[in-house]
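Coordinate inspection notes
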Amino acid sequence: MIRIRSVALLPLIAVLAACESNPVLVDDGNLTAELTLSESHVHTLSSLDMEVVIRNSDGYAVDDFEAVTLDQKIAGDDTWRSIVLEASEHGFVGDYVFASTGDYDLRVMVTRHGTTEPTEVPLMHSEMGHLSVARAHFEIDGHRIEFESFPGHMHEGQEVELKFWILEMEANEAGVRPPVLGLDPTIVCHEGGSPVESHPAHGHDDGVYEATHHFAEPGAAAATIRFEDGHGSLIEASFDFDVAHGH
């Protein structure tokens, strides 16, 4: 009797072991999303890698969806913009380049098979639903040069305002980098890998130097600022970005 019972239990033990080592990754309707970003301090014009792992109530990763997106919008705005994520070995991955500074709201959306409307998956950690994006910057010869364009997302045929903040690299006792005043910079605009036009920069008391440029062609572009510092040395900083097709 003992020997028979032992044999009869073997298939059941095998099934239980298989379930433990190979859990069924089911969407039980109680999903949460875990978001990981490649940078803790995010700046404009730099590619940000992101990974989303979606888990069910048992903590197992679920990946059987029609589509997964990470949506973002400026805090206080009503328009969400989707970053499409691709399936990977452990979850869903993508990358994105922010063109404008600000505080952003984030959310994860999934579209299940057989449906057309995406639904939101709550983030496991609520603080991951917010992201601050700072200006792109470059540090050289005791200067910190920051850059932003307005609008951030440019289209061919647009007049774009190009702004450079020229600051001292070291902060003062108040923790603020003082602006560098009295400079006479030139802003050189590049389209298609070549310089196309130079503009004299208009200076302001807060160390901002700016010019406007009409970007005629879509594709890779850049804005370069050049100036002589107080010691007669030529300083140059260039920022690369993309100009989209008009629509």
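Structure shown above.
Quick look at the structure, then.

Conventions we followed
- Every chain is numbered independently, its residues counted from 1 as its sequence is written.
- Thresholds applied to this predicted model are a pLDDT of at least 70 for local features of residues and 80 or more for the giving and counting of side-chain atom pairs; totals over whole chains, interfaces and linings are not thresholded and use all residues.
- In computing side-chain properties, one takes all heavy atoms of the structure into account and sets aside hydrogens as well as water.
- Comment: elements are numbered from the N terminus, with helices defined as DSSP H or I runs of at least four residues and strands as E runs of at least two.
- Here's how the labels work: a residue is buried when its accessible area is under 20% of the maximum for its type, exposed when over 50%, partly exposed in between, all with a 1.4 Å probe on protein chains only.
- Contact criterion: two residues are considered in contact whenever any of their non-hydrogen atoms come within 4.5 Å of each other.
- All accessible-area figures derive from a Shrake-Rupley calculation using a 1.4 Å probe, and residue coverage is judged against the displayed protein chains alone.
- Any two strands between which DSSP finds at least two bridges are classified as paired.
- Distance and chemistry together define a polar contact, namely a pair of N or O atoms within 3.5 Å, with one atom able to donate a hydrogen and the other to accept it when in protein, and with adjacent residues in sequence counting only for side-chain atoms on both sides.

**Here's the deal with the overall build of the chain**
- Looking only at helices and strands, one finds 1 helix and 19 strands in the chain.
- In the chain, buried positions account for 35% of the 247 residues.
- Nonlocal contacts in the chain, meaning residues at least 24 apart in sequence, comprise 60% of its contacts between residues at least 6 apart.
- Here the chain has roughly 14500 Å² of accessible surface; of this, 51% comes from carbon and sulfur atoms.

**Let's talk about the sheet that holds strand 17 (residues 208–215)**
- Taken in spatial order, the 5 strands of this open sheet run 10-11-13-17-16, and their pairing is antiparallel. Taken across any chain shown, the strands that pair with only one partner, and hence form the sheet edges, are strand 10 (136–140) and strand 16 (202–203).
- With 8 bridges connecting them, strand 11 (residues 143–150) and strand 13 (residues 158–168) associate as antiparallel partners. Bridge assignment links F147 to a residue of strand 13, and that residue is F164.

**Topic: the side chain of T69**
- By the secondary structure assignment, T69 is in strand 4 (residues 67–74).
- We classify T69 as buried; its relative accessible area is 14%.
- At a separation of 2.9 Å, a polar atom in the side chain of T69 contacts the side chain of D71.
- Those residues in contact with T69, other than ones at most four positions away along the chain, are S82, I83, V84, L85, R107, V108 and M109.

**Re the environment of L131**
- Considering the arrangement of structural elements, one finds L131 in strand 9 (residues 130–134).
- Residues L131 and D105 lie 26 residues apart in sequence; the distance between their C-alpha atoms is 6.5 Å.
- When residues no more than four places from it in sequence are discounted, the contact partners of L131 are L37, V42, L48, F98, G102, D103, Y104 and L106.

**A closer look at unusual backbone geometry**
- Each neighbour pair has its own omega, and for F150 with P151 the value is 0°, a cis peptide bond.
- Within the secondary structure, P151 sits in the loop between strand 11 and strand 12 (154–155).
- Positive phi values are uncommon outside glycine, yet L45 reaches one of about 70°.
- When you line up the elements, L45 lands in the loop between strand 2 (42–43) and strand 3 (47–55).
- According to the relative accessible area criterion, L45 is partly exposed, its value standing at 26%.

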